[in-house]
Amino acid sequence: FDTSLSMQARDVTPTRFGAAQTEALRLIDRLGRGRPVMIIEAGAGPRVVTEFTADRLALARAVRRMRPTDGPSDLDAAIRVAAAQRVRGRPAQTVVFTDRPGLQLARVVYRPLGGSADNVAITRAAASTSGGGRTYLLTEVRNFGGAARTAALRFTWTDGTAEVARVTIPREGSVTRVWTARGDGAARIAVETGDILPADDEAVVLVGQASRPRVLLVSGGNPFLEAALSVLPVRQVDQTAGVDPAAWAGYDLIVLDRTPPLILPPGRYLLVGTVPENLPVDVEGR
C-alpha cells in the first residue's frame, strides 16, 4: 500500500486510499483457502504490517486499520522488499496499490488509483528573522495541474487577524509570497481551492520566539553544556539538580546529564552519561 499524502485525494470515492482498501479486501476474499498474504506499507520507509498469514479476518482487520500519511513514501523500496519475499520457497506475487508508477519487476502487478493532477498545494511555509529583528513568512504555492489556477491565500496570525490575497498560479508552476509576520506564535496559512486533495491546502508555522524550544538542564553542574545552551537559539533554559519527571511537562527538551537511571515519561531528551530503565538500549561498555 502506498500511504503517501496523495493517496488522500478525492478523485475516486471515498479517497484513493479508501478505494485501495476496498479493492484489497475483495482480493483477499477471492483468494483460495490457505493462501498466505503479507501486507507491506510504503511510507517513509517500508513497514511490514502483517507477516504471511492465511487468517482472512486478521488480514481484513489490518487493511481496515491502515491510514495514509501526510508525508511522502518510498514506494520503490517497499516494492523491493515485497519482491524479495518467498512463500514455500517460491517467489511471491506482489500487488501494488498506488497512484503513481513504480519499479517494473517480475511478478509485480500495479492497481492504479486516481489519475487527476488537478491539485494546488502549499509546498513551502517558513519563518525567517532579518538582521533588523523583523520576522518574515515565506510561502510557496504550487499548481500541479495542466491549467492556470486562481486561488485565495488566507493568513491567520497569532492575534486572530487575517489577511487574504488572490494569486494566479501558472500550470505546473508556483507562486511565492513573503509576508511580514505579526506577533509570536502559530501562524496558519490556507489556500482555498476546493481541489481533490485538501490535506496539502493548509500549513502552520511557528514565528518569533514561539519557534524556539524551552530547555531544562538536569545536572549537578556541567560548564560545557551550560555554555552550549547559552548560545543556542532557544527560548528559555532552566537548570536543576533535582530529578523530578513530574515537573518536566512544560519543556520541549530535557537534557539529562549523568543522572541516576530512571523511567522516562514520553518527551524529547538529550542523554549524557545515563541510560533510562525503559530505553531499549543495552550498554556494552562505558
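Scroll up to find the structure this text is about.
Let us look at the structure shown here. (Residues numbered from 1 in each chain as written. Predicted model: local features only at pLDDT ≥ 70, side-chain atom pairs only at ≥ 80, totals over all residues. Heavy atoms only, no water.)

1. Here we look at helix 2 (residues 56-65)
Within the span of helix 2, buried status applies to Leu59, Ala60, Ala62 and Val63. Each buried residue of helix 2 lies within a common arc of 160° when the element is viewed along its axis, so the set occupies one face. Facing away from the buried side of helix 2, by more than 90 degrees, are the exposed residues Leu57, Arg64 and Arg65. Tucked into the core, helix 2 has its buried residues touching helix 1 (16-30), strand 1 (37-42) and strand 2 (46-53). The backbone nitrogen of Leu57 lies 3.1 Å from a side-chain oxygen of the residue at the head of helix 2, namely Asp55. (Buried < 20%, exposed > 50% of the residue type's maximum accessible area, 1.4 Å probe, protein only. Helix = DSSP H or I, 4+ residues; strand = E, 2+ residues; numbered from the N terminus. Arc of directions from axis to C-beta. Contact = heavy atoms within 4.5 Å. Polar contact = N/O pair within 3.5 Å; in protein donor to acceptor, adjacent residues only side chain to side chain.)

2. Re the sheet that holds strand 7 (residues 120-129)
Pairing is antiparallel across the open sheet formed by three strands, whose spatial order is 7-8-11. At either end of the open sheet lies a strand with only one pairing partner, and these are strand 7 and strand 11 (174-180). Each strand axis lies, on average, 15° off the axis of its neighbour in the sheet, ignoring direction. Across nine bridges, the pairing between strand 7 and strand 8 (residues 135-143) is antiparallel. Residue pairing for strand 8: Arg124 is matched across the bridge by Glu140. (Pairing = 2+ DSSP bridges. Axes fitted to C-alpha atoms, helices over the stretch in contact; angles between N-to-C directions.)

3. Some points on the packing of aromatic side chains
Inspection of the entire model under this criterion finds five aromatic pairs. Judged by centre distance (6.2 Å) and plane angle (65°), the rings of Trp248 and Tyr269 are edge-to-face. Of this pair, Trp248 sits in the loop between strand 15 (236-240) and strand 16 (253-257) while Tyr269 sits in strand 17 (residues 269-272); the two residues are 21 residues apart in sequence, bridging distant segments of the chain. Judged by its relative accessible area of 5%, Trp248 is buried. Since its relative accessible area comes to 22%, Tyr269 is described here as partly exposed. (Phe/Tyr/Trp six-rings, centres within 6.5 Å; stacked < 30°, edge-to-face > 60°.)

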